[in-house]
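Each chain, written out:
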Amino acid sequence: MSMDKASADCPYPGCFFCVMKEGNPSKRRASILKFFRELPSQDDDGQVLPISGLWNTAMAHPNDPEFIELGIFECMSALIWKGLKNRRWLSHDQNIYIPYYAAHIIGSYTMNMEEFADRAVRAGIIPPLVELLRGRLTWVEQRVAVRALGHLATYASTFPAVASHGEILELSIQLAMSSLEIVYSHFYQYVDRRLSYHCDLLTRGMGGVEMESRKAEEWASQLQCWSLQLINCFAFKPEFLPTICKLEFLTKLPGMWGGLVNESSPAGTGLLRTICHHKLGRGPVAACPGIIEALCNIARSSDDWQYMAIDCLLWLLQDPSTCHKVIEKAVPALVDLAEISSLGDHKKLGDSIVNVLQECIESQGTGRTQINSHVKEEVEELLNSKQRLKWEKNMPKEDLHIKQAAALVVKLEGNSLFSSGNISGAAAKYSEALALCPMRSKKERVVLHSNRAQCHLLLQQPLAAIGDATRALCLHNPVNRHAKSLWRRAQAYDMLGLAKESLLDAILFINECSQSNDPDLSLRQNKVPDYAERLVKKQMRAAWLFREATIKHGGVQCEGDAGDMCDQETDDSEWETASESEMGNEERDEIGDDICGWENEVERKDKYKKASSKEIKHGYNVQLTEDNV
């Protein structure tokens, strides 16, 4: 029932919807105040209707103070307690929905306004929310409870009240680690065991098993992300870091990315950034090699958390107590990122990276850190390139043009070697061209790095391919938007089994193709290329939110419309792309300046003979042709 449907002839005295239509402000306020005071003690049917109306109002107007002043927090707190203590009442009529709506209302009204949060705390809403957080009802109520507590924890005035309940942090940590499994095992896995009111909440009456499943994935993702957000509020206070920095939890954080439905959430990476900001937190993080490796992968990625991972690595390198533990993994990743100019609001990020790496080299002689020769060479090469840029600023333009022309000649030699099948020779030529090419010739250097990345792919060197593709993406303007480098890095991540990173790059590649003016890249008739669609589907299966829970609990038992989600282990052997070796001379002549071939060198001789000539010609030309430089 909505407010605008309330009848002028309503037979129910004191009906909330009629009260809301009262024209006299004084009478209206008095009636609402009375309604909030009396509602928790009533046992009449139909109570869920006004609560759902209040929920809609709270979401639409979270900054409106009227209901706050008239006692809505006291009312919602009392209703949650009633549901927790009186199961007979809870199971009657539609009362089962009321605790969920009540906690949601509290979360909406405390989302933006600190003064509302103060009123909520004084109204005693924290204890009943903690009971929901414990799982006294179900995971759906846990979701809205952790959301509301997360809002309260963000304000300086109300955080102490949240922190005074010491179990909140422990419960949030456990919920972040187990939330996906909880939702999977208690809702997703068995369709016939789903609670009907959960299904109604998830679909809002639209119905359908498939819609319920998709919404459950979204809510499970939110449950984890909101738990991390609440923990993040505690992580700003050093006294809580020992509780947070337990090995079991830290090692899982890089994988808590929340799924694509929460792309605006900092997820586990954001929490790691908060932890690494404190010296007390950097030690435990540095002691976990898996976390450092994950941070390096995230730093090289093209998503919203890239700068967060970079910050973590920089702080760990700048700390004398952690530098020696992370330097061998962190430095190669940061060297690849040193050409990045800015990332969102983070200006001159590349300069910050170079300065920290230079400090690492200079500190070697002080005994603070011990750098192996390979890492030292990489940093010194980077510093020399920066010195080259300074020298080139004072070089005559004619000399720069000569260097650029010489680099072009060598690059063409590399292209020729690549076309003849001499991949390692081509890679060497691209390295030689990079040594000649002026540092400020960024477009040319993007192509050279991207070409060399392709050689590394064919030579089964995915780490080197990721490095070159990342350098190309950092040099490109705008940053992280060079389509072919995104695709090459997506393939390299796939070789390493890094599904999430591969998925993000593949999706960005498709986005770039859709916006490209290049006829060889643009998506004809808005159709996603088959090779990209296959990779995205493969990685979505591998990075599926409930994948680990599925493996642990033995798969989804489902029916009807949910059938497409039942078999998560679909064979990926059909994933293949066009092979350079199968292209005729006519197609080779159309390649232009960039090198070609997306397949692995081991597979190119036999696997791709299965591909049709139409697929080969279409996939090869669309994917690979690079603009002439």
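Since this is a predicted model, take the numbers as computed values, not measurements. (Residues numbered from 1 in each chain as written. Predicted model: local features only at pLDDT ≥ 70, side-chain atom pairs only at ≥ 80, totals over all residues. Heavy atoms only, no water.)

Draft legend 1. Main features of the side chain of Arg28. Mapped onto the secondary structure, Arg28 falls in helix α2 (residues 25-38). Taking the relative accessible area as the measure of exposure, Arg28 reaches 16% and is therefore buried. (Helix = DSSP H or I, 4+ residues; strand = E, 2+ residues; numbered from the N terminus. Buried < 20%, exposed > 50% of the residue type's maximum accessible area, 1.4 Å probe, protein only.)

Draft legend 2. Seen up close, the pattern of salt bridges. Inspection of the entire model under this criterion finds 23 salt bridges. Taking the shortest distance from any N to any O, the salt bridge between Glu167 and Arg134 comes out at 2.5 Å. Pair noted here: Glu167 is in helix α12 (residues 167-188) and Arg134 is in the loop between α9 (126-133) and α10 (139-153), with a separation of 33 residues, a long-range link. Here Asp311 ties to Arg273 by a salt bridge, and the two come within 2.8 Å at their closest N and O atoms. Here Asp311 is found in helix α20 (residues 306-318), whereas its partner Arg273 is found in helix α17 (residues 267-277), with 38 residues between them in sequence. The class for Asp311 is buried, based on a relative accessible area of 11%. (Salt bridge = Lys/Arg side-chain N within 4 Å of Asp/Glu carboxyl O.)

Draft legend 3. Geometry of the nonpolar core. By size, the foremost hydrophobic cluster in this structure holds 161 residues, and its most contacted members are Phe249 and Leu317. Counting residues per element, this core draws most heavily on α12, which supplies 11 residues. Ignoring any residue separated from it by four or fewer positions in sequence, one finds Leu317 in contact with Cys323, Val326, Ile327, Ala330, Val331, Leu334, Val356, Leu357 and Cys360. Grouped together as the second largest cluster of nonpolar side chains are 13 residues, Ala426, Tyr430, Ala433 and Leu458 included. (Core = buried A, V, L, I, M, F, W, Y, C linked by side-chain atoms within 4.5 Å. Contact = heavy atoms within 4.5 Å.)

Draft legend 4. Focus on the layout of surface pockets. Of the voids in this model, the largest pocket is the one considered here, and its volume is about 950 Å³. Lining of the largest pocket is provided by 34 residues; of these, Lys252, Gly255, Met256, Trp257 and Glu548 occupy positions nearest its centre. Elements with a minimum of two residues in the lining of the largest pocket: α12, α16 (247-252), α19 (289-299), α29 (499-515) and α31 (547-553). Residue contributions to the lining of the largest pocket peak at six residues, all from α12. (1 Å grid on protein atoms, 1.4 Å probe; cavity = no way out; pocket = protein on both sides within 12 Å on 5 of 7 lines; lining within 4 Å. Points joined across faces, edges and corners; volume = space filled by probe spheres on them.)

Draft legend 5. Spatial organisation of the state of the cysteines. Enumeration according to the criterion identifies zero disulfides in this entry. Free cysteine Cys245: the closest other cysteine sulfur is in Cys276, separated by 8.4 Å. Residue Cys245 is classed as buried on the basis of its relative accessible area of 13%. (Disulfide = S-S within 2.5 Å.)

Draft legend 6. Expanded view of the packing of helix α18 (residues 279-286) against helix α21 (residues 320-336). Viewed as axis vectors pointing N to C, α18 and α21 meet at an angle of 25°, and their least axial separation amounts to 9 Å. Here α21 runs roughly parallel to α18, going by the angle between their axes. You can see that α18 and α21 cross each other, and the crossing is left-handed. Between α18, through Lys279, Arg282, Gly283 and Ala286, and α21, the contact on the second element is made entirely by Ser321, Thr322, Lys325 and Val326. In terms of residue class, the contact of α18 with α21 is made up of two nonpolar, three polar and three charged. (Axes fitted to C-alpha atoms, helices over the stretch in contact; angles between N-to-C directions. Parallel < 35°, antiparallel > 145°, perpendicular 65-115°, else oblique. Left-handed = near helix turned anticlockwise from the far one by under 90°. Nonpolar A, V, L, I, M, F, W, Y, C, P; charged D, E, K, R; others polar.)

Draft legend 7. Quick peek at the packing of aromatic side chains. Tallying each qualifying case throughout the model produces 19 aromatic pairs. Ring geometry for Phe159 against Phe234: centres 5.2 Å apart, planes inclined by 65°, an arrangement best described as edge-to-face. Of this pair, Phe159 sits in helix α11 (residues 159-163) while Phe234 sits in helix α14 (residues 209-235); the two residues are 75 residues apart in sequence, bridging distant segments of the chain. Exposure remark for Phe159: the relative accessible area of 8% places this residue in the buried category. Ring pairing ties together the aromatic residues Trp55, Tyr97, Tyr100, Tyr101 and Trp219, which thus form one cluster. Here the basic side chain of Arg147 rests over the ring of Trp226, its NZ or CZ set 6.0 Å away from the ring centre. Against the face of Phe187 rests Arg194, its NZ or CZ located 4.5 Å from the ring centre. (Phe/Tyr/Trp six-rings, centres within 6.5 Å; stacked < 30°, edge-to-face > 60°. Lys NZ or Arg CZ within 6 Å of the ring centre and 35° of its normal.)

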